[in-house]
Amino acid sequence: MATINAQDLRERIGRFRVPIMGRANAGKTTILQKVCNTTNQPEIYDTKGDKIDAAIVESSLKRGNHDITNEMVFNSNPGFIFHDSCGFEAGSEEEFENMKKFISERANATKLEERIHVIWPTVGAEARGLREVA
């Protein structure tokens, strides 16, 4: 079996793409802040790579509304692109279908840097409380 050097892999991919999924208001962004060693909010980009004004998305983020196709990048750790799901427990079937479509499209992307590299489920994190998780 061939081994892959971590540095070579990072150079080939550029930035790792990680959707984080879980209940609405479960603290997914807070967990990402801990992992990225920051208290700052991420910069958010649309599918074309254009930066979205934080004031436009701030109120919807606080309500747990997210567009999974948007890219979240923390300045403290720019080697990762995160995609934040909306909470599905109270969401519409349309939101769930959008998530499935996103996963399918990214899993089948021809360019390695556009593919999903890891899916991070946060199932159960909200039940224990963020202090225990982070």
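Because the structure is a prediction, the values reported are computed rather than measured.

Visitor: An account of the overall build of the chain is requested, with residue identities and associated values reported.
Guide: When you go through the chain residue by residue, the secondary structure sums to 6 helices and 6 strands. Seen in sequence order, the chain has helices and strands lined up from the N terminus as α-β-α-β-β-α-β-β-α-β-α-α. In the chain, buried positions account for 36% of the 134 residues. Taking as baseline every contact in the chain between residues at least 6 positions apart, the subset at least 24 positions apart corresponds to 66%. Accessible surface for the chain amounts to roughly 8600 Å². Of this, 49% is attributable to carbon and sulfur atoms.

Visitor: Just give me the short version of the pattern of salt bridges, but keep the residues and values in it.
Guide: Taken as a whole and judged by the stated rule, the model has 5 salt bridges. A salt bridge links Lys-101 to Glu-105, with the shortest nitrogen-to-oxygen separation between them at 3.7 Å. Within this pair, Lys-101 and its partner Glu-105 are both found in helix 4 (residues 93–107), separated by 4 residues, close to a single helical turn.

Visitor: Residues and numbers for helix 4, please.
Guide: Given 3.6 residues per helical turn, the α-helix brings residues three or four places apart onto the same face. Between its first and last C-alpha, helix 4 extends 21 Å over 15 residues, near the 21 Å set by a 1.5 Å rise per residue. Of all the residues in helix 4, the buried ones are Met-99, Phe-102, Ile-103 and Arg-106. Down the axis of helix 4, the smallest arc covering the buried residues is 95 degrees, so these residues share one side. Across helix 4 from its buried face, at more than 90 degrees, point the exposed residues Glu-93, Glu-94 and Lys-101.

Visitor: Residue-level account of the environment of His-117, with values.
Guide: One can find His-117 in the loop between helix 4 and strand 6 (120–121). Linking His-117 and Arg-17, residues 100 residues apart in sequence, is a C-alpha distance of 5.4 Å. For His-117, the residues in contact, after removing those within four places along its chain, are Ile-13, Arg-15, Phe-16, Arg-17 and Leu-112. Looking at His-117, its side chain comes within polar contact range of the main-chain oxygen of Leu-112, at 3.0 Å.

Visitor: I'd like a rundown of the side chain of Lys-28, residues and numbers included.
Guide: The topology assignment puts Lys-28 in helix 2 (residues 28–35). Apart from the residues within four sequence positions on either side, Lys-28 is in contact with Ile-20, Met-21, Gly-22, Arg-23, Asp-84, Ser-85 and Thr-122.

Visitor: If you had to explain the packing of aromatic side chains to someone new, which residues and values would you point to?
Guide: Across all of its chains, the model carries 3 aromatic pairs by this definition. Aromatic side chains Phe-74 and Phe-82 sit 6.1 Å apart centroid to centroid with 70 degrees between the ring planes, which places their arrangement in the edge-to-face category. A single burial state applies to Phe-74 and to Phe-82, both of which are buried. Three or more aromatic residues joined by ring pairs make a cluster, and in this case those are Phe-16, Phe-74, Phe-80 and Phe-82.

Visitor: Please provide a residue-by-residue account of the pairing of strand 5 (residues 80–84), values included.
Guide: Among the 5 residues that make up strand 5, 4 are buried, leaving the element largely enclosed by the rest of the structure. Strand direction decides the pairing type here: strand 1 (residues 16–21) and strand 5, joined by 5 bridges, are parallel. Bridge pairing in strand 5 places Val-18 opposite Phe-82.

Visitor: Kindly report on the pairing of strand 1, identifying the contributing residues and their values.
Guide: For strand 1, the tally of buried residues reaches 6 of 6 residues, placing the bulk of the element in the interior. Of the two faces of strand 1, the one carrying Phe-16, Val-18 and Ile-20 and the one carrying Arg-17, Pro-19 and Met-21 are both buried. Here 2 bridges tie strand 1 to strand 6, and the two strands are oriented parallel to one another. Of the residues in strand 6, the one forming a bridge with Ile-20 is Trp-120.

Conventions adopted
Residues numbered from 1 in each chain as written. Predicted model: local features only at pLDDT ≥ 70, side-chain atom pairs only at ≥ 80, totals over all residues. Heavy atoms only, no water. Helix = DSSP H or I, 4+ residues; strand = E, 2+ residues; numbered from the N terminus. Buried < 20%, exposed > 50% of the residue type's maximum accessible area, 1.4 Å probe, protein only. Contact = heavy atoms within 4.5 Å. Areas by Shrake-Rupley, 256 points an atom, 1.4 Å probe, with all protein chains shown as cover. Salt bridge = Lys/Arg side-chain N within 4 Å of Asp/Glu carboxyl O. Expected span 1.5 Å × (residues − 1). Arc of directions from axis to C-beta. Polar contact = N/O pair within 3.5 Å; in protein donor to acceptor, adjacent residues only side chain to side chain. Phe/Tyr/Trp six-rings, centres within 6.5 Å; stacked < 30°, edge-to-face > 60°. Pairing = 2+ DSSP bridges.

By themselves, these observations are geometric and do not establish any function.
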